[in-house]
Amino acid sequence: MADFLTDSDVVNFACICEVTRDSVSQIVWKRRFDRTFDSVPGTPIGDVVAKYKSRRAISKKWTCFDLGRHGGLVTAECRRVQKSNQDDCLTMLRGLILESNATKTLDDNGNQIIHGMNLQFIYDLITGENGRSYVDIIESVLNTDFDHAMDKLRDMHKVVSASVEGTLVYAIQLCLTPISLNPRFCSMHKVSHFDLSQYQAYDTPARQPMFCGKYKQDVNLRWLLHVVNFFKYHLTAVDEGLLAHHYKDLESDQFPQPWEGRVEAGTKSLKSHWKGAYTYMDPVTMASLRMGNGNGKKSAIHTDELDNAEVIQDMTFFFDEGKSASFEWPEKWEQIVNSNPFLQVTSRQSKRSSPRGEKTKEAKKPQVKQFWGTCRGKRGHFFGRIHAMTPQQGIHGFQRLTMMKFYTKRDENGEEEYDPNQVWAFEGCVLPGGRIVVGRWWDSLSDPNVFTTQSGPFLWWNVDRSAATVPIRKEEAFEFLDTFSDPELGLI
């Protein structure tokens with residue numbers, strides 16, 4: 001009978017007498033958990049029941065991350081209550097993300113989607129549907145109390161990484177990027193602070209490094225969020241965004257989708273098929289932007305551009321499957337992108353550690369995997385590496401990606417050939433779930449920290465089917481690499 005009652009009715013039933021109280025055992029609440037959330041095998045039943053009651057209670061509270069929209073109506077007491085609600089909501093969302101176990105299924109129209117109970121609970125929160133209290137976690141990007149505290153938002157030279165207290169809100173908003181960019185949800189809200197995000201997106205790593213710390217294990221969460229916000233504008237702002245017209249006409253399976261299965265820790269190969277968006281600025285415009293202070297006051301209009309009017313690329317990735325690498329990683333490439341920041345760990349430990357200590361620390365270094373692939377749209381080939389990151393604000397699944405990309409040109413016979421002026425370096429962050437990569441590209445033969453170096457942002461999202469008109473073969477990148485030599489890039 002209890003299965004047909006609401007939560008409040010079950011509680012009232014249990015309060016009738018000792019007999020009814022004893023009849024409402026923990027298994028009653030566990031069954032409710034299993035109908036509402038993805039199960040986590042091995043979790044003690046008491047913890048499951050506590051988690052169910054906590055999530056249900058938190059989801060009924062009004063939680064607002066952008067209190068500024070309410071102006072003077074927000075009292076000190078309201079801010080105190082909301083701070084508590086925000087903290088509870090972020091903790092709940094972190095748990096929902098890490099414990100989600102979604103699978104592929106078909107919607108009512110026969111389209112393949114990623115569906116899971118935790119994901120559905122998150123959807124209900126960000127839409128206010130199915131009895132959940134609306135939570136503005138996506139709508140409030142760069143407008144939260146944390147953004148405004150101590151004028152953090154307008155201090156564009158400050159690096160706000162995951163080691164900074166209070167950045168869980170950024171980590172959660174980044175994890176929800178595939179939902180935020182999906183047309184089902186992105187049309188609900190306008191993009192705020194595009195001017196600030198544009199300034200950040202083109203900033204140099206000298207001022208805004210993507211990864212901080214000696215071994216690049218501390219992610220610059222705010223910079224990544226600015227790049228996502230920048231591309232969300234260009235992808236979804238109809239009549240204004242450079243990519244919006246093309247983006248809205250994509251087939252349903254070519255849009256960003258949430259993660260499938262569990263969010264896994266460790267170094268993980270990326271899935272095969274990807275879409276890529278890139279922008280750049282001409283050197284004069286870029287210099288003007290970088291000389292500004294990024295506060296949006298009395299600043300000139302800075303126009304983003306697409307390379308030869310290219311819109312969204314199709315890319316296919318291939319990873320080494322065995323223990324041996326499919327290609328040698330040139331030392332020159334390593335000097336450009338620093339794909340393995342742990343190399344210095346080995347050299348230093350070998351000088352001052354005992355063999356036993358060396359072995360212990362060696363085990364803590366993440367695996368570095370190599371990949372290669374080819375892109376369509378603007379044709380090119382790429383070679384790269386990926387390695388795991390430590391958890392950021394308690395969320396595992398972040399990875400660091402580095403890559404060398406070679407765009408080709410046509411010779412007099414219409415055949416593709418190497419273009420020494422179109423070799424670019426990439427550094428990106430794979431977000432938990434492995435379906436979004438956010439990062440920066442730059443001229444591979446220039447120092448990315450120098451003010452005048454050509455560089456810019458990119459955003460990739462994983463799709464289940466390649467939309468490339470000419471299928472991409474696994475051997476293409478290596479066949480291209482065999483057609484030329486370039487000692488300046490370590491290719492002889």
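First things first, this report covers the structure right here in the doc. (Residues numbered from 1 in each chain as written. Predicted model: local features only at pLDDT ≥ 70, side-chain atom pairs only at ≥ 80, totals over all residues. Heavy atoms only, no water.)

### Structural notes on the overall build of the protein
Then, in step 1: When helices and strands are counted, the protein shows 18 helices and 12 strands.
Then, in step 2: Across the protein, every contact between residues at least 6 apart in sequence was considered, and the portion connecting residues at least 24 apart equals 71%.
Then, in step 3: Total accessible area on the protein is roughly 22,500 Å²; 51% of this is exposed by carbon and sulfur atoms. (Helix = DSSP H or I, 4+ residues; strand = E, 2+ residues; numbered from the N terminus. Contact = heavy atoms within 4.5 Å. Areas by Shrake-Rupley, 256 points an atom, 1.4 Å probe, with all protein chains shown as cover.)

### Some words on helix 3 (residues 26–36)
Then, in step 1: All buried positions along helix 3 are accounted for by Val28, Trp29, Arg32, Phe33 and Thr36. One side of helix 3 holds all its buried residues, which, seen down the axis, span an arc of 140°. (Buried < 20%, exposed > 50% of the residue type's maximum accessible area, 1.4 Å probe, protein only. Arc of directions from axis to C-beta.)

### Observations concerning the pairing of strand 12 (residues 455–463)
Then, in step 1: Burial analysis of strand 12 places 9 of its 9 residues in the buried class, the great majority of the element.
Then, in step 2: Where strand 11 (residues 436–443) meets strand 12, 7 bridges bridge the pair, whose relative direction is antiparallel. Looking at strand 12, one finds that glycine 439 is bridged to phenylalanine 458. (Pairing = 2+ DSSP bridges.)

### Topic: the nonpolar core
Then, in step 1: Ile137, Ile172, Ile179 and Trp461 are the most contacted members of the largest nonpolar core, which has 84 residues in total.
Then, in step 2: Residues within four places of isoleucine 137 in sequence aside, it is in contact with Phe65, Leu90, Leu93, Ile126, Val169, Ile172, Gln173 and Leu176.
Then, in step 3: By size, the runner-up hydrophobic cluster in this structure holds 22 residues, among which are Ile336, Trp372, Leu481 and Leu491. (Core = buried A, V, L, I, M, F, W, Y, C linked by side-chain atoms within 4.5 Å.)

### What to know about the sheet that holds strand 5 (residues 273–278)
Then, in step 1: Read around the barrel, 8 strands follow the order 5-6-7-8-9-10-11-12 and close on themselves; strand pairing throughout is antiparallel. The mean inter-strand angle of the sheet, taken between neighbouring strand axes irrespective of direction, is 30°.
Then, in step 2: Pairing analysis gives 6 bridges linking strand 5 to strand 12, with the strands arranged antiparallel. Among the inter-strand pairings, tryptophan 274 is bridged to a residue of strand 12, identified as asparagine 462. (Axes fitted to C-alpha atoms, helices over the stretch in contact; angles between N-to-C directions.)

### Observations concerning a nonpolar patch on the surface
Then, in step 1: A cluster of nonpolar side chains, contributed by Met291, Val450 and Phe451, occupies part of the molecular surface with about 290 Å² of accessible area.
Then, in step 2: Relative to the helices and strands, phenylalanine 451 resides in the loop between strand 11 and strand 12. (Patch = residues over 30% accessible without salt bridge, like charges linked within 9 Å, V, L, I, M, F, W, Y side chains within 5 Å. Salt bridge = Lys/Arg side-chain N within 4 Å of Asp/Glu carboxyl O.)

### Details of the packing of aromatic side chains
Then, in step 1: For the structure shown, the criterion picks out 40 aromatic pairs.
Then, in step 2: Here the aromatic rings of tyrosine 202 and phenylalanine 230 are separated by 5.9 Å at their centres, their planes lie at 90°, and the arrangement is edge-to-face. Of the two residues, tyrosine 202 is situated in the loop between helix 11 (194–201) and strand 3 (211–212) and phenylalanine 230 in helix 12 (residues 221–236); the sequence distance between them amounts to 28 residues. In this pair, the class of tyrosine 202 matches that of phenylalanine 230, namely buried. (Phe/Tyr/Trp six-rings, centres within 6.5 Å; stacked < 30°, edge-to-face > 60°.)

### What about the environment of glutamate 331?
Then, in step 1: With respect to the secondary-structure elements, glutamate 331 resides in helix 15 (residues 331–337).
Then, in step 2: By relative accessible area, glutamate 331 is classed as exposed at 53%.
Then, in step 3: With 158 residues separating them in the primary sequence, glutamate 331 and leucine 489 have C-alpha atoms 8.8 Å apart.

### Topic: the side chain of threonine 279
Then, in step 1: Relative to the elements of secondary structure, threonine 279 occurs in the loop between strand 5 and helix 14 (283–291).
Then, in step 2: Overall, threonine 279 belongs to the buried group, its relative accessible area being 2%.
Then, in step 3: Only 2.8 Å separates the side chain of threonine 279 from the side chain of tyrosine 202, close enough to count as a polar contact. (Polar contact = N/O pair within 3.5 Å; in protein donor to acceptor, adjacent residues only side chain to side chain.)

### Concerning unusual backbone geometry
Then, in step 1: For asparagine 130, which is not glycine, the phi dihedral falls at a positive 55°.
Then, in step 2: For asparagine 130, a relative accessible area of 54% corresponds to the exposed category.
Then, in step 3: The backbone of histidine 193 shows a phi angle near 60°, a positive value even though the residue is not glycine.

### Describing the pairing of strand 11
Then, in step 1: The buried count for strand 11 comes to 7 of 8 residues, which makes it a mostly enclosed element.
Then, in step 2: In terms of strand pairing, strand 10 (residues 416–430) meets strand 11 through 7 bridges, oriented antiparallel. Each bridged residue has a counterpart across the sheet, and for glutamate 427 the counterpart in strand 11 is arginine 440.

### Some points on the packing of helix 5 (residues 76–99) against helix 6 (residues 117–127)
Then, in step 1: The contact between helix 5 and helix 6 brings their axes to 9 Å, and the two run at 145°. Helix-helix and strand crossings are classified by hand; for helix 5 and helix 6 the assignment is left-handed. For the pair helix 5 and helix 6, contact is made by Met92, Leu93, Gly95, Leu96, Ile97 and Glu99 and by Asn118, Phe121, Ile122 and Leu125, respectively.
Then, in step 2: Here the residues of the contact of helix 5 with helix 6 are counted per class, giving 7 nonpolar, 2 polar and 1 charged. (Left-handed = near helix turned anticlockwise from the far one by under 90°. Nonpolar A, V, L, I, M, F, W, Y, C, P; charged D, E, K, R; others polar.)

### Examining the state of the cysteines
Then, in step 1: In total, this model carries 0 disulfides according to the counting rule given.
Then, in step 2: Here cysteine 64 is not cross-linked by a disulfide; its sulfur's nearest cysteine counterpart is in cysteine 78, at 8.0 Å. (Disulfide = S-S within 2.5 Å.)

### A short note on the packing of helix 4 (residues 45–60) against helix 5
Then, in step 1: Packing of helix 4 against helix 5 leaves a shortest axis separation of 10 Å and a crossing angle of 125°. When the axis of helix 4 is compared with that of helix 5, the two are oblique. For the pair helix 4 and helix 5, the sense of crossing is left-handed. Where helix 4 approaches helix 5, its residues Lys51, Arg55 and Ile58 are matched on the opposing element by Asp88, Cys89, Met92, Gly95, Leu96 and Glu99.
Then, in step 2: Among the residues making up the contact of helix 4 with helix 5, the classes are represented as 4 nonpolar, 1 polar and 4 charged. (Parallel < 35°, antiparallel > 145°, perpendicular 65-115°, else oblique.)

### Here we look at the pattern of salt bridges
Pairing between side chains of opposite charge can happen when their charged atoms approach one another.
Then, in step 1: This model, assessed by the stated rule, comprises 24 salt bridges.
Then, in step 2: In this structure, the salt-bridge partner of glutamate 139 is arginine 69, at a minimum N-O distance of 3.4 Å. With glutamate 139 in the loop between helix 6 and helix 7 (145–148) and arginine 69 in the loop between helix 4 and helix 5, the pair connects residues that are 70 residues apart, well separated along the chain.
Then, in step 3: Here arginine 465 makes a salt bridge to glutamate 251, at a shortest N to O gap of 3.4 Å. With arginine 465 in the loop between strand 12 and helix 18 (476–481) and glutamate 251 in the loop between helix 13 (244–248) and strand 5, this residue pair connects regions lying 214 residues apart in the sequence.

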